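In case you want the letters, here they are:
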Amino acid sequence: MNTNLGCRSNCSYCYLPILDLKLGKVPNQEKSVTSIINYLLSHPLFIQGKQGTILSIGCYSECWDEINKSATIELLNFLLTLENPIQIATKQFIHQKEIRSILDKIVWCGQLSIYISSATISFWNKYEKGTCSPLERFKSFNLKKEKKELLMFLYLKPVLENITIKDIELYSSLIEKYDIDVIVGETFNAKVSEKISSVGDEKLYIQDTSDDYKNICKDLSNLCIVYSNSIEPIEKIREKMNG
Ligand code: SF4
């Protein structure tokens, strides 16, 4: 779900233009939180509760951009009352004071997961123009200390060929510093493959994993748990809950 469609940042690899959504300027396709909630609650496939639908915010926008943040907070405040697992991914810095009231509403471990996204540290200025700098962004991991039930992950997505892997040492230090697990995400783009992505109205395809992808997963798995998508950690927690 998205409180806006489009993004003010301009990441070189972003899939939004494939979906005819604009980058690099203020999006004007704002959606009211009430309309999103009504849509969700009346959707025939929506299942409420811990074992229900995984709610993901911000596949088609930057949910923590200044222009979206208050709507995202309002939406989170409501969604947490449903007790479904919720996930948000961002390339912005989330300050503790912005999210404290939300954290107070978490009642089970895994109910809210925050994915701090990055495809490069050293070449951020070139490939992630308009986003918050990775060093600033990664300070969001301090939120882990605020609420033990909050899950936080480093989200390496997409793996940029010959770029992301150059920062493997920096990512490793980050993982050790904050004691976090990692999602090394699959790449979605318009190149037709056998696997259609679950986002993107059937215009996005999941690309085959590269040698860089495999090597990053292998190296990081010596330090932490490495997942290949954001759903896996939630499913693992729910499996444990169900014994
Ligand atoms: S921050 Fe996310 S939505 Fe915005 S341009 Fe970058 S990849 Fe696209």
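Notes on the structure in this doc start here. Everything quoted here is computed from the prediction, not taken from an experiment. (Residues numbered from 1 in each chain as written. Predicted model: local features only at pLDDT ≥ 70, side-chain atom pairs only at ≥ 80, totals over all residues. Heavy atoms only, no water.)

Quick notes on the overall build of the protein chain
Applied cut-off: Working definition: helices are DSSP H or I runs of at least four residues, strands are E runs of at least two. Numbering for both runs from the N terminus. A radius of gyration in this sense is built from C-alpha atoms; the matching globule rule multiplies 2.2 Å by the number of residues raised to 0.38. Burial classes: relative accessible area under 20% of the type maximum marks a residue as buried, over 50% as exposed, and values in between as partly exposed (1.4 Å probe, protein chains only). What makes two residues a contact is simply this: any of their non-hydrogen atoms within 4.5 Å. Only four residue types enter the charge count: Lys and Arg as positive, Asp and Glu as negative, with His and the chain ends excluded. Think of each charge as sitting on NZ of Lys, CZ of Arg, CG of Asp or CD of Glu.
Broken down by element type, the protein chain carries eight helices and eleven strands. Computed over its C-alpha atoms, the radius of gyration of the protein chain comes to 17 Å, within 12% of the 18 Å expected for a compact globule of 243 residues. Burial analysis of the protein chain (243 residues in total) assigns 51% to the buried set. For the protein chain, the share of sequence-separated contacts (at least 6 apart) that also reach a separation of at least 24 residues comes to 73%. On the protein chain, the mean spot of the 29 positive side-chain charges and the mean spot of the 30 negative ones are 3 Å from each other.

Examining the sheet that holds strand β9 (residues 195–196)
As a reminder of what qualifies: Here, strands pair whenever DSSP counts at least two bridges between them.
Reading across the sheet, the three strands line up as β8-β10-β9 and stay open at both edges, with antiparallel pairing between neighbours. The open sheet has two edge strands with one neighbour each: β8 (188–189) and β9.

Section: the pattern of salt bridges
To keep things clear, this is the line we draw: The working definition used for a salt bridge is a side-chain nitrogen of Lys or Arg within 4 Å of a carboxyl oxygen of Asp or Glu.
In the structure shown here, the tally under the stated rule is seven salt bridges. One salt bridge connects R8 with D65, and the closest N-O pair in it is separated by 2.6 Å. Here R8, found in the segment before β1 (10–11), pairs with D65, found in the loop between β2 (55–57) and α2 (66–82); they are 57 residues apart in sequence, far enough to count as distant. Given the relative accessible area of 6%, D65 is considered buried. A salt bridge links E128 to R137; the nearest nitrogen and oxygen atoms lie 2.9 Å apart. Accessibility assignment for this pair places E128 and R137 in one class, buried.

A look at the site of the ligand
The condition that has to hold: Working definition: residue near molecule or strand if any one of its non-hydrogen atoms lies within 4 Å of it. The nonpolar class holds Ala, Val, Leu, Ile, Met, Phe, Trp, Tyr, Cys and Pro. Asp, Glu, Lys and Arg form the charged class, and all remaining residues, Gly among them, are polar.
Around the ligand sit C7, S9, N10, C11, C14, L16, L23 and K91, and those are all the residues in its vicinity. In terms of residue class, the shell around the ligand is made up of five nonpolar, two polar and one charged.

Digging into the pairing of strand β3 (residues 86–90)
Operational definition: If the strands point away from the viewer and the path from the first strand over the helix to the second runs clockwise, then the crossover is right-handed.
With respect to burial, β3 is a largely interior element, four of its five residues being buried. Looking at chain direction, β2 and β3 are connected through three bridges and run parallel. In the strand pairing of β3, I57 is matched with I88. Of the strand pairs in this sheet, β3 and strand β4 (residues 112–118) are connected by five bridges, and their pairing is parallel. For T90, the partnering residue across the bridge sits in β4 and is I116. In the classification by handedness, the crossover that spans β3, the intervening helix α3 (residues 96–103) and the parallel β4 is right-handed.

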